[in-house]
Amino acid sequence: MRAIWKGAVSFGLVSIGVKLYSATEEKDIRFHQVHRDDGGRIRYKRTCSVCGEEVSYDDIAKGYDLGGGELVILTDADFADLPLTSSRAIDVLEFVPAEQVDPILYNKAYFLEPEGTATKPYVLLRDALADSERVAIVKVALRQREQLATLRVRDGVLLLNTMLWPDEVRTPDFGFLDEDLKVRPPELAMAASLIDSMAGEFQPDAFTDDYRAALQEVIDAKVEGREVVQPAEEEAAPAAAVDLMAALKASVERARVARGEAPAGGAGEPTPISSARSAKQAAKAPGSKAAPAKKTPARKAAAGRTPAKKTEPAKKTAAKKTTEKKATKAPAKKTAEKKTAPRKSA
């Protein structure tokens, strides 16, 4: 990593020399704009809208729009005279509980590294801050702008989180906030069941940027001259639910199946779903007043009668064949007696 800022943390009368490093980086895949036909890079020229000439960086100033086409032009000298008392210092203002800082205020994160002989006071501030279970509210000037920030400990290193100023956070102004909407207790209970069924411990490494991975696969395939394998299509998002309770119930069941848990109605504290399923199972149980007639023995008895119907015709057929055989053999004996009788008389 490359240090982007050098200064000192002012902690009471203690000054701790530090270097500032970006703690995060964007992993977006970046592209150049090129000419589709020949791949040539597209360049942009800085031209003046008044005279039409190309302008170099040295001749560029900042203009504040007053409206009506009027501008106030500010040069680097104007910015240099601004009173940035914390231009090379991180001034600790106070220490507050971390939960009192609304996460919406956090902007960008930076690591602080001790510089030179500042290692011992750096470690002292780090350990004291960790033991206090608080964060330090500080002011710092970065890129010619004074910013509010916090100091806290992460992985044994002081972490600086720049923050937005309170007036930079917008106030939500939506029509539904003025409507008198009532949520029924069963719906709230079912929503709580859904939250419980999807509860877990946050593990950042378990989540990946699937779009970036697929895009990188397309780029690699282009380079290697091979065909891109299309990823499996994701399940389409369900349409807006008409029956909120039915949608919540289905969501709870799906969440439990996804986590490999037993269906509702198992051990544990009963929920609206588990209570309904338990009542349904109790109604089907043997000995219950609402229990239906036993179907399994009836099926077995039916299964026993079916072979009997098939075997009876077989027995009749066999008896019929035996009778026919006997009848056939009997005339044969009489014919033989007739043939032998005249021979005896002769």
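Residues numbered from 1 in each chain as written. Predicted model: local features only at pLDDT ≥ 70, side-chain atom pairs only at ≥ 80, totals over all residues. Heavy atoms only, no water.

Caption draft 1: Representation of a nonpolar patch on the surface. Nonpolar side chains collect at one region of the surface, where Y64, L66, V72 and L74 lie side by side and expose about 370 Å² of accessible area between them. Sorting the residues of the nonpolar patch by element identifies β3 (62–67) and β4 (70–74) as the ones contributing at least two each. Tracing the sequence through the fold places V72 in strand β4. Under the relative-accessibility criterion, V72 is labelled partly exposed at 35%. (Patch = residues over 30% accessible without salt bridge, like charges linked within 9 Å, V, L, I, M, F, W, Y side chains within 5 Å. Areas by Shrake-Rupley, 256 points an atom, 1.4 Å probe, with all protein chains shown as cover. Salt bridge = Lys/Arg side-chain N within 4 Å of Asp/Glu carboxyl O. Helix = DSSP H or I, 4+ residues; strand = E, 2+ residues; numbered from the N terminus. Buried < 20%, exposed > 50% of the residue type's maximum accessible area, 1.4 Å probe, protein only.)

Caption draft 2: The arrangement of the sheet that holds strand β2 (residues 14–22) in detail. Reading around the barrel, the 7 strands line up as β1-β2-β6-β9-β8-β7-β5 and close back on themselves, with mixed pairing between neighbours. For this sheet the average axis-to-axis angle between neighbouring strands, irrespective of direction, equals 40°. The sheet contact formed by β2 and strand β6 (residues 106–114) spans 5 bridges and is antiparallel. Among the inter-strand pairings, K19 is bridged to a residue of β6, identified as E113. This element, helix α2 (residues 119–132), spans β1 (5–11), β2, β5 (89–97), β6, β7 (134–142), β8 (145–154) and β9 (157–163) of the sheet and lies at about 70° to β9. (Pairing = 2+ DSSP bridges. Axes fitted to C-alpha atoms, helices over the stretch in contact; angles between N-to-C directions. Contact = heavy atoms within 4.5 Å.)

Caption draft 3: Structural detail: the packing of helix α3 (residues 185–197) against helix α5 (residues 244–258). The interhelical angle for the contact between α3 and α5, taken along N-to-C directions, is 20°, at an axis separation of 9 Å. Judged by the inter-axis angle, α3 sits roughly parallel to α5. Note that α3 runs across α5; the crossing there is left-handed. In this structure, α3 contributes P186, E187, M190, A191, S193, L194 and S197 to the contact, and α5 contributes L244, M245, L248, K249, S251, V252, A255 and R256. Here the residues of the contact of α3 with α5 sort into 9 nonpolar, 3 polar and 3 charged. (Parallel < 35°, antiparallel > 145°, perpendicular 65-115°, else oblique. Left-handed = near helix turned anticlockwise from the far one by under 90°. Nonpolar A, V, L, I, M, F, W, Y, C, P; charged D, E, K, R; others polar.)

Caption draft 4: Summary view of the state of the cysteines. Scanning all chains against the criterion turns up 0 disulfides. You can see C51 has no disulfide; the closest cysteine sulfur is in C48, sitting 3.7 Å from it. (Disulfide = S-S within 2.5 Å.)

Caption draft 5: Representation of the environment of F11 within the structure. Position of F11 relative to the elements: it lies in strand β1. Overall, the relative accessible area of 27% leaves F11 in the partly exposed class. Separated by 79 residues in the primary sequence, F11 and I90 place their C-alpha atoms 8.6 Å from one another. Those residues in contact with F11 that lie beyond four places of it in its chain are F95 and L125.

Caption draft 6: Expanded view of the pairing of β1. In this sheet, β2 lies alongside β1 in antiparallel orientation, the contact comprising 7 bridges. Following the sheet pairing, A8 is matched in β2 by G17. Joining the antiparallel neighbours β1 and β2 is a turn of 2 residues, in which G12 adopts a positive phi near 65°. Sheet topology note: the β1/β5 ladder contains 3 bridges and is parallel. Following the sheet pairing, V9 is matched in β5 by I90.

Caption draft 7: Region of the structure containing the pattern of salt bridges. Across all of its chains, the model carries 10 salt bridges by this definition. Residue K139 is joined to E146 by a salt bridge in which the shortest nitrogen-to-oxygen separation is 4.0 Å. Residue classification places E146 among the partly exposed positions, given a relative accessible area of 25%. A salt bridge links E187 to R184; the nearest nitrogen and oxygen atoms lie 3.1 Å apart.

Caption draft 8: View of the packing of aromatic side chains. According to the stated counting rule, one finds 3 aromatic pairs in the structure shown. For the pair F11 and F95, a centre-to-centre distance of 6.0 Å together with 85° between the ring planes defines the contact as edge-to-face. You can see F11 sitting in strand β1 and its partner F95 sitting in strand β5, a full 84 residues away along the chain. Ring geometry for F174 and F176: centres 6.3 Å apart, planes at 15°, overall stacked. One Lys or Arg, R46, reaches over the ring of Y57 and ends 4.0 Å from the middle of that ring. (Phe/Tyr/Trp six-rings, centres within 6.5 Å; stacked < 30°, edge-to-face > 60°. Lys NZ or Arg CZ within 6 Å of the ring centre and 35° of its normal.)

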